[in-house]
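This is what each chain is made of:
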Amino acid sequence: MRGLTPVWEGQVFTRVVAHRPDLRRPLPEALGQRLTGATVVRLGRRAKYGLIETDRGDTLVLHLGMSGRMRVDPDVIGKHDHVVFETGNGRVVAFNDARRFGSLDLVETHVADQHPLLASIGPEPLGPDFGLALLQRSFADRLAPAKALLLDQRLIAGLGNIYVCEALFRAGIHPETPGGTVPAAQLQRLATAIPAVLHEAIAAGGSTLRDHAAPDGTLGYFQKDFAVYGREGAACAQCAALVARIVQSGRSSFFCPACQPRP
Ligand SMILES: [Zn+2]
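Residues numbered from 1 in each chain as written. Predicted model: local features only at pLDDT ≥ 70, side-chain atom pairs only at ≥ 80, totals over all residues. Heavy atoms only, no water.

Participant: Is there a simple way to think about the overall build of the chain in this case?
Facilitator: Summing up its helical and strand segments, the chain has six helices and 11 strands in all. Radius of gyration (C-alpha) of the chain: 20 Å, near the 18 Å computed for a compact globule of 263 residues. Expressed as a percentage of its 263 residues, the buried residues of the chain come to 44%. If you take every contact in the chain between residues at least 6 apart in sequence, the share linking residues at least 24 apart comes to 62%. Here the chain displays about 12900 Å² of accessible surface, and carbon together with sulfur accounts for 52% of that area. On the chain, the mean spot of the 29 positive side-chain charges and the mean spot of the 25 negative ones are 6 Å from each other. (Helix = DSSP H or I, 4+ residues; strand = E, 2+ residues; numbered from the N terminus. Rg over C-alpha atoms; globule rule 2.2 N^0.38 Å. Buried < 20%, exposed > 50% of the residue type's maximum accessible area, 1.4 Å probe, protein only. Contact = heavy atoms within 4.5 Å. Areas by Shrake-Rupley, 256 points an atom, 1.4 Å probe, with all protein chains shown as cover. Lys, Arg positive; Asp, Glu negative; His and termini not counted. Charge placed at Lys NZ, Arg CZ, Asp CG, Glu CD.)

Participant: Help me understand the environment of Pro-261, please; the structure alone is not making it clear to me.
Facilitator: With respect to the helices, strands and loops of the structure, Pro-261 is situated in the segment after β11 (251–255). Under the relative-accessibility criterion, Pro-261 is labelled partly exposed at 46%. Distance from Pro-261 to Thr-177, taken between C-alpha atoms, is 9.3 Å for residues 84 residues apart in sequence. Not counting chain neighbours up to four residues away, the residues in contact with Pro-261 comprise Gly-172 and His-174.

Participant: Just to check I follow, could you spell out the coordination of the zinc ion for this structure?
Facilitator: Geometry sets the ideal angles at a metal, namely 109.5 degrees for four tetrahedral donors and 90 or 180 degrees for six octahedral donors. Distances from the zinc ion to its protein donors, Cys-236 (SG), Cys-239 (SG), Cys-256 (SG) and Cys-259 (SG), fall within 2.2 to 2.4 Å. Around the zinc ion, the four donor atoms sit at angles spanning 101 to 114°, and that spread fits a shape best called tetrahedral. Every donor residue of the zinc ion comes from the same chain, spaced as C-x2-C-x16-C-x2-C. One end of the pair, Cys-236, is in the loop between β9 (218–220) and β10 (244–248); the other, Cys-259, is in the segment after β11, with 23 residues separating them in the sequence. By relative accessible area, which is 5% here, Cys-236 ends up buried. (Donors = N, O, S within 2.8 Å, 3.2 Å for Na, K, Ca; no water. Tetrahedral: all angles 85-135°; square planar, octahedral: opposite > 155°, others 65-115°.)

Participant: Just checking my understanding: could you explain the pattern of salt bridges for this structure?
Facilitator: On inspection of all chains with the given rule, the structure shows 12 salt bridges. The partner of Arg-245 in a salt bridge is Glu-232, with the nearest N and O atoms 3.2 Å apart. Of the two residues, Arg-245 is situated in strand β10 and Glu-232 in the loop between β9 and β10; the sequence distance between them amounts to 13 residues. The class of Glu-232 is partly exposed, set by a relative accessible area of 49%. Among the charged side chains, a salt-bridge network with shared partners connects Arg-45, Arg-46 and Glu-124. (Salt bridge = Lys/Arg side-chain N within 4 Å of Asp/Glu carboxyl O.)

Participant: I'm lost on the pairing of strand β7 (residues 92–96) in this one. Help?
Facilitator: Every regular strand shows the same layout, with side chains that alternate between the two sheet faces. With four of five residues buried, β7 is to be regarded as a mostly interior element. Relative to β7, strand β5 (residues 69–72) runs antiparallel, the two sharing four bridges. Looking at the pairing, Arg-69 lines up with Asn-96 of β7. Pairing analysis gives five bridges linking strand β6 (residues 81–87) to β7, with the strands arranged antiparallel. Bridge pairing in β7 links Phe-85 to Val-93. Here β6 hands over to β7 after four residues, with Gly-90 in that stretch at a positive phi of 85°. (Pairing = 2+ DSSP bridges.)

Participant: What is the right way to look at the sheet that holds strand β8 (residues 103–108) in this model?
Facilitator: Strand pairing in a sheet takes place through backbone hydrogen bonds and is either antiparallel or parallel in direction. If you walk across this open sheet you meet the four strands as β2-β3-β4-β8, and the pairing is antiparallel. Edge strands, defined here as strands with exactly one partner in the open sheet, are β2 (40–46) and β8. Sheet twist, expressed as the mean angle between neighbouring strand axes with direction ignored, is 20°. Inspection of the sheet shows β2 paired to strand β3 (residues 49–54) by six bridges, in the antiparallel sense. In the sheet register, Arg-46 faces β3, and the bridge partner there is Tyr-49. (Axes fitted to C-alpha atoms, helices over the stretch in contact; angles between N-to-C directions.)

Participant: Explain helix α3 (residues 132–139) here, please?
Facilitator: For an α-helix the count is 3.6 residues per turn, leaving residues at separations of three or four pointing the same way. Burial in α3 covers these residues: Leu-134, Leu-135, Ser-138 and Phe-139. Along the axis of α3, the buried residues cluster in a sector spanning 120°; they form a single face. Trailing α3 by a residue or two, Asp-141 shows a phi angle of about 60°, which is positive. (Arc of directions from axis to C-beta.)

Next comes the structure, spelled out in structure tokens:
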């Protein structure tokens, strides 16, 4: 959203074309008509949703899913450029999503908070309500593994698998530790680690965006060097042990068995 803001903020959508009727869900009816002529007032974010507010009282709610990207000023419109937005400044942005797990919804701005997608989402990890107290409330008396609690969007908004793995590593918490048994000192480390890994990821994304002339001008997911994520069998950055991987609820958890001992 930080990358898209300078392209879209204050601009009129001059043409919006959907090349298919659906992504993960059906696209909003008459999406092109409803957006064409509207001015983008503000771009924001809630959890993993990008929020693009227009002067018509609508907000476009965007989720990149697994593989979605926003291609800015692409040379050619490709097969997976499902929705193409043109703005008055002559810029073209294509929502590209090969696997189509992404979504676009159009909601009324004044009730956006109560929209089913957004209503039950917990506090933002980079917002004022995040901290040790929130983690203590979320973990107290819980038998669910720490990993699952951190991925639960109702408890904390927007944490994805990668950042949960990295934060648990920094806090020295085994991903299978029942929430209620995590010691206070480790919860405190977790309260510091979560915003830290997110800030580092945003900074890494930022450095990619500055390089905006990157061949396809893509905004979206970016690779970064992780301590444990995706590093099964590699040496831990902090000790001699090898990074391990287990599967929890169908998602891979990467961790160091020495730095994050089983409870
Ligand atoms: Zn280690």
